[in-house]
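So you can see what is in the structure, the chains are spelled out below.
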Amino acid sequence: MEELKIQDEEKEPRSLNFIEEIIEDDIRNGVNEGRVHTRFPPEPNGYLHIGHAKSICLNFGLAKKYQGKTNLRFDDTNPVKEDTEYVDSIMEDVKWLGFDWEDRLFYASDYFEQIFEYAMILIRKEKAYVCDMTAEEMSETRGTPTRPGKESPFRTRSVEENLDLFTRMRHGEFPDGTRVLRARIDMASPNMQMRDPVLYRILHAHHHRTGDQWCIYPMYDFAHGQSDSIERITHSICTLEFEVHRPLYDWFIREIGIYVPRQIEFARLNMTYTVMSKRKLLELVQEGYVNGWDDPRMPTICGLRRRGFTPESIRNFTEIIGVAKRDNVIDVSLLEFCIRENLNKHANRLMAVLNPVKIIIDNYPDDQEEELESVNNPEDESQGKRKIPFSKTLFIEREDFMEEPPNKFFRLAPGREVRLKAAYIIKCENVVKDPITGIINEIHCTYDPMTKSGMPDSSRKVKGTLHWVSEKQAVKIEVRLYDRLFIKENPDDIEGDKTFKDYLNPDSLKVITAFAEPEVINAKIYEKYQFERIGYFSVDKDSTPQNLVFNRVVPLKDSWTKAEKVK
RNA sequence: UGACCCAUGGUGUAACGGCAGCACAAGAGAUUUUGGUUCUCUCGGCCCAGGUUCGAAUCCUGGUGGGUCAACCA
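These figures come from a predicted structure and were not determined experimentally.

**With respect to the overall build of chain A**
Then comes step 1: When helices and strands are counted, chain A shows 14 helices and 25 strands.
Then comes step 2: A compact globule built from 567 residues would reach a C-alpha radius of gyration of about 24 Å, whereas chain A, at 31 Å, exceeds it by more than 25%.
Then comes step 3: Principal-axis analysis of the C-alpha atoms gives chain A an extent of 100 × 65 × 45 Å.
Then comes step 4: Within chain A, buried positions represent 53% of all 567 residues.
Then comes step 5: Total accessible area computed for chain A in this model is approximately 27,400 Å², and 49% of it derives from carbon and sulfur atoms.

Structural data, given as structure tokens:
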């Protein structure tokens, strides 16, 4: 307790973001008796992505911070685009991120009867009318941002006629697109949203929850605010593009005369080297540029999960990026920082060689094998140690040897000594090349038996330490090396007649076979490892006992190849 | 050019009228049986012009720049 107190005092609390300030103001002023109730309101028409994660963490985080509640509500007002497949994936993703809506799972479709009643109220107040114009006519008469629109000739229909027509719309007497219900507001409003927006359209479509019960469906604008009101949401947090809709929502709420939630808009998340729009992600999936929504290159939650990101790392990311109203583009390296930080602490180490070259230790007895020991995670002693077999013939990375090394090359080269991690110090004596291609087939070394890891002589200074795998015990694994999906920082910044797809990275996936130490056979699906000196890897669900598949989550920071690239 | 919104290092985000700070990125060094981690340090910012004030990143006015809005999508 005492210790906690000290920590609290020492730890400078993060300053409030603008939403927290608003909420604390409201609490201070006794708005809603200090109650805080948020909601996450996705449309079930696609998979959630990292941008949604920002919203989810915001909504659930705020409620948690202020001892409030958060609802999960599906805004399912367009049966043509929505499906239970998406409902299921969204629930899975929210849960995986670590949030719980408890018994508060709702659907806008739960409120269809109530929303219909709201429409009837507006009609009776002469605030809504049935309009017979075609979509084209409506578009033509809407005006432009600088020119007022024209009023519909149906705007003056009597309450009785509107009531009759709207009721008959509900009962399926008219085909799709023949009539709509519109609000009667102001066709000359400088805010386009207020120019008699459509409230209800006729859609003879099967709804994933209400089935064929309805053939008219409310527009999002006529359902969203009321849904928040019905759920007595105190703070309706949404993205910036709904800012101009707020006056409309307020108008509905006021005219209908129901509980008033407070809408607060924040800037959505953008990230470098990826796209975030549902439409574009759908395109990538449908046209086969990626292997489904959960392709590890996708910015979707399920993609990130499969890639090997952890919920903690994503939650931490959304905390670090902050919340504000200005447009922003987050550098993807920040996301990478978050997963590295997380996995450095929690992923056990393993040695695996991705691009092998054979090492033969000439002075090591031919048939000898020994078991060496190494810590599983130097950042977490509680993870214990493991045994690693060592023998005369080993694999190391081809990149860890150079015949004519530059100045700063700390690895193996003719006549040079390096340490084999957790094993011995070896010295390169000579190399055997393919006589035709000149490719190195074998590197012959000698080892110093007195430098076994842990022995006094092992503390001898050598320039570098290499990871390695004993050939005989090596386990072949499939490794999927993922890189950023796009080669351009902003794929939406298109030149000429190109499309965002012209900036796809042709090398975003490379599949290779690698050799790992035998410990690898214990790897379970979704388990994370650090392949020593290479990167963090996650066991893919495609894995079988015969064929383990590892996804590269992110490479380790690497100041060597970085320095080389600069040259 | 109508309404609404936004403007702080390369990126993101603080400051609530009183010394512009933090994180990522970038660069240098130390430590290291991972060229990882860790630890130092460096680089670099208030869109512009007026006004209010003893004092302005902060308040006001006007510019400039950017974004959103003209689906029977959400």
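**Notes on the protein's contact with RNA strand B**
Then comes step 1: Close to RNA strand B lie 69 residues; E21, Q193, R349, S453 and Q530 are nearest.
Then comes step 2: For RNA strand B, the backbone portion of the atoms within 4 Å of the protein, that is sugar and phosphate, comes to 64%.
Then comes step 3: E379 places a polar side-chain atom, nitrogen or oxygen, 2.8 Å from a base nitrogen of RNA strand B.
Then comes step 4: Taking R419, its side chain carries an N or O atom lying 3.1 Å from a sugar or linking oxygen of RNA strand B.
Then comes step 5: When contributions to the surface near RNA strand B are tallied by element, the ones reaching two or more residues are helix 6 (135-141), strand 6 (198-202), helix 13 (332-346) and helix 14 (559-566).
Then comes step 6: Ranked by residues supplied to the surface near RNA strand B, first place goes to helix 13 with four residues.
Then comes step 7: Taken together, the residues that form the surface near RNA strand B break down as 25 nonpolar, 20 polar and 24 charged.

**Comments concerning the packing of helix 3 (residues 50-65) against helix 12 (residues 311-321)**
Then comes step 1: The contact between helix 3 and helix 12 brings their axes to 9 Å, and the two run at 80°. Regarding the angle of helix 3 to helix 12, the classification is roughly perpendicular. Of the residues in helix 12, those touching helix 3 at I50, A53, K54 and C57 are I314, R315, F317, T318 and I321.

**Side note on the domain arrangement of chain A**
Then comes step 1: Taken domain by domain, chain A comprises domain 1 (18-266), domain 2 (271-348 + 477-555) and domain 3 (355-467).
Then comes step 2: Computed over C-alpha atoms, the centres of domain 1 and domain 2 are 34 Å apart.
Then comes step 3: The partner domain 2 presents 25 residues to the 23 residues of domain 1 that form the contact.
Then comes step 4: Roughly 2,200 Å² of surface becomes buried between domain 1 and domain 2 when both sides are summed, with 71% attributable to carbon and sulfur atoms.

**Re the packing of aromatic side chains**
Then comes step 1: All chains considered together, the criterion is met by 24 aromatic pairs.
Then comes step 2: Ring geometry for F222 and F252: centres 4.9 Å apart, planes at 85°, overall edge-to-face. Note that F222 is positioned in helix 8 (residues 220-230) and F252 in helix 9 (residues 246-256), a separation of 30 residues in sequence.
Then comes step 3: F222 sits in the buried class, given a relative accessible area of 0%.
Then comes step 4: Here F252 falls in the buried class, since its relative accessible area comes to 1%.
Then comes step 5: An aromatic cluster of three or more residues is present, and its members are F112, F116, F166, Y200, W214, Y217, F222, W251 and F252.
Then comes step 6: For the cation-ring pair, R170 lies above F116, with the distance from its terminal atom to the ring centre recorded as 4.5 Å.

**A look at the pattern of salt bridges**
Then comes step 1: Counted by the stated rule, this structure contains 55 salt bridges.
Then comes step 2: A salt bridge links E532 to K421; its shortest N-O distance comes to 3.5 Å. Here the residue E532 occupies a position in the loop between strand 23 (528-531) and strand 24 (535-539), and K421 occupies one in the loop between strand 16 (417-420) and strand 17 (425-433), the gap between them amounting to 111 residues.
Then comes step 3: Under the relative-accessibility criterion, E532 is labelled buried at 11%.
Then comes step 4: Given the relative accessible area of 27%, K421 is considered partly exposed.

Thresholds applied
Residues numbered from 1 in each chain as written. Chains lettered and ligands numbered in written order. Predicted model: local features only at pLDDT ≥ 70, side-chain atom pairs only at ≥ 80, totals over all residues. Heavy atoms only, no water. Helix = DSSP H or I, 4+ residues; strand = E, 2+ residues; numbered from the N terminus. Rg over C-alpha atoms; globule rule 2.2 N^0.38 Å. Buried < 20%, exposed > 50% of the residue type's maximum accessible area, 1.4 Å probe, protein only. Areas by Shrake-Rupley, 256 points an atom, 1.4 Å probe, with all protein chains shown as cover. Near = heavy atom within 4 Å. Polar contact = N/O pair within 3.5 Å; in protein donor to acceptor, adjacent residues only side chain to side chain. Nonpolar A, V, L, I, M, F, W, Y, C, P; charged D, E, K, R; others polar. Axes fitted to C-alpha atoms, helices over the stretch in contact; angles between N-to-C directions. Parallel < 35°, antiparallel > 145°, perpendicular 65-115°, else oblique. Contact = heavy atoms within 4.5 Å. Domains from an automatic or database assignment. Buried area = accessible area lost by both parts, 1.4 Å probe. Phe/Tyr/Trp six-rings, centres within 6.5 Å; stacked < 30°, edge-to-face > 60°. Lys NZ or Arg CZ within 6 Å of the ring centre and 35° of its normal. Salt bridge = Lys/Arg side-chain N within 4 Å of Asp/Glu carboxyl O.

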